[in-house]
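Residue strings, one per chain:
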Amino acid sequence: MNELSRHGDHVTEVLEATIGTFLKIQEQQRRVYDCLPAEISKTYQEQAQEYVSFQLLMIQNLLLRSKASYERLKTETTAAFNRITQRDSSVMKSISILTMVFLPATFISTMFSMPFFQDDDDQWKVSVDFWIYWAVSVPLTFVIFVIWALFPYALDAWKAFKAKALRGKRYEMQQLV
């Protein structure tokens, strides 16, 4: 669809340039007919002017048609993107639900599989090293959330850096030319 849109833009530009050319042809035609001797038939002049006017009108109609097609294409593109976004949203919702279903059970099974719990003499005892689990997992969770929160800003900064570098390369190439 992007290629169609690009070609539609090109067609519109060409038609607009053609209309400008035909307007200049009409203007020049009038000047030439004003300078011609009176022997040339007025009927011939009028027919020639009407022919150019008709061609100009046809090109203007083509331009209107091109713009209407371009607008329809933009609408179709937007609708397609909306459908894709909606599908992505549904997939993300499914993943979230699966995570909510399995995460608590995974946490509990992982917790009880650690050697921090002991079953001695029919009594549950917690190891004295149980604090290590919390000392590692809480800061790690915090670091992951900080990275997640800062990632969009880092990505924007990287994109700005790359864009600036690209503009610098373009400027250098223009200086060489």
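Residues numbered from 1 in each chain as written. Predicted model: local features only at pLDDT ≥ 70, side-chain atom pairs only at ≥ 80, totals over all residues. Heavy atoms only, no water.

### Some points on the overall build of the chain
No. 1: A count of helical and extended segments in the chain gives three helices and two strands.
No. 2: If you list the helices and strands of the chain from N to C, you get α-α-β-β-α.
No. 3: If you line up the chain on its principal axes, its C-alpha atoms span 125 × 45 × 15 Å.
No. 4: Residues classed as buried in the chain amount to 15% of the 177 residues present.
No. 5: Taking the contacts inside the chain whose residues are at least 6 apart along the sequence as the reference set, 53% of them involve residues at least 24 apart.
No. 6: Carbon together with sulfur atoms contributes 66% to the accessible area of the chain, which is approximately 15,100 Å² in total.
No. 7: Distance from the positive charge centre (19 side chains) to the negative charge centre (19 side chains) of the chain: 8 Å. (Helix = DSSP H or I, 4+ residues; strand = E, 2+ residues; numbered from the N terminus. Buried < 20%, exposed > 50% of the residue type's maximum accessible area, 1.4 Å probe, protein only. Contact = heavy atoms within 4.5 Å. Areas by Shrake-Rupley, 256 points an atom, 1.4 Å probe, with all protein chains shown as cover. Lys, Arg positive; Asp, Glu negative; His and termini not counted. Charge placed at Lys NZ, Arg CZ, Asp CG, Glu CD.)

### As for the UniProt feature "transmembrane region" (unreviewed entry) in the chain
No. 1: Annotation from UniProt places "transmembrane region" (unreviewed entry) at residues 95-118 and 130-155.
No. 2: Annotated as 79% helix and 8% strand, the span residues 95-118 places its first and last C-alpha atoms 35 Å apart.
No. 3: The straight-line gap between the two end C-alpha atoms of residues 130-155 is 38 Å; of that span, 96% is helix and 0% is strand. (UniProt positions renumbered as here; feature names shortened; annotations may be inferred.)

### As for the pairing of strand β2 (residues 123-126)
No. 1: With four bridges joining them, strand β1 (residues 117-120) and β2 adopt antiparallel strand pairing. Considered in β2, the bridge of Asp120 is made with Gln123.
No. 2: Between β1 and β2, which pair antiparallel and follow one another directly, the connecting turn spans two residues, one of which, Asp121, has a positive phi of 55°. (Pairing = 2+ DSSP bridges.)

### Looking at the packing of aromatic side chains
No. 1: Overall, the coordinates contain one aromatic pair when judged by the stated rule.
No. 2: Ring geometry for Trp158 versus Phe161: centroids 5.8 Å apart, planes at 35°, classification tilted. Of the two residues, Trp158 and Phe161 are both situated in helix α3 (residues 131-176); the distance of three residues between them amounts to about one turn of the helix.
No. 3: Residue class for Trp158 comes out exposed when judged on its relative accessible area of 51%. (Phe/Tyr/Trp six-rings, centres within 6.5 Å; stacked < 30°, edge-to-face > 60°.)

### Describing the nonpolar core
In a soluble, globular protein the nonpolar side chains are often hidden away together inside.
No. 1: Ranked by size, the top nonpolar core spans seven residues in total: Leu15, Ile19, Phe22, Val52, Leu56, Ile59 and Leu63.
No. 2: Elements supplying a minimum of two residues to this core: α1 (2-35) and α2 (42-113).
No. 3: For this core, the element with the most residues is α2, which contributes four residues.
No. 4: Ignoring anything within four residues of it in the chain, the contact list for Leu56 reads Ile19, Phe22, Leu23 and Gln26.
No. 5: Met111, Met114, Phe116 and Tyr133 belong to the second-largest nonpolar core, a separate cluster that totals five residues. (Core = buried A, V, L, I, M, F, W, Y, C linked by side-chain atoms within 4.5 Å.)

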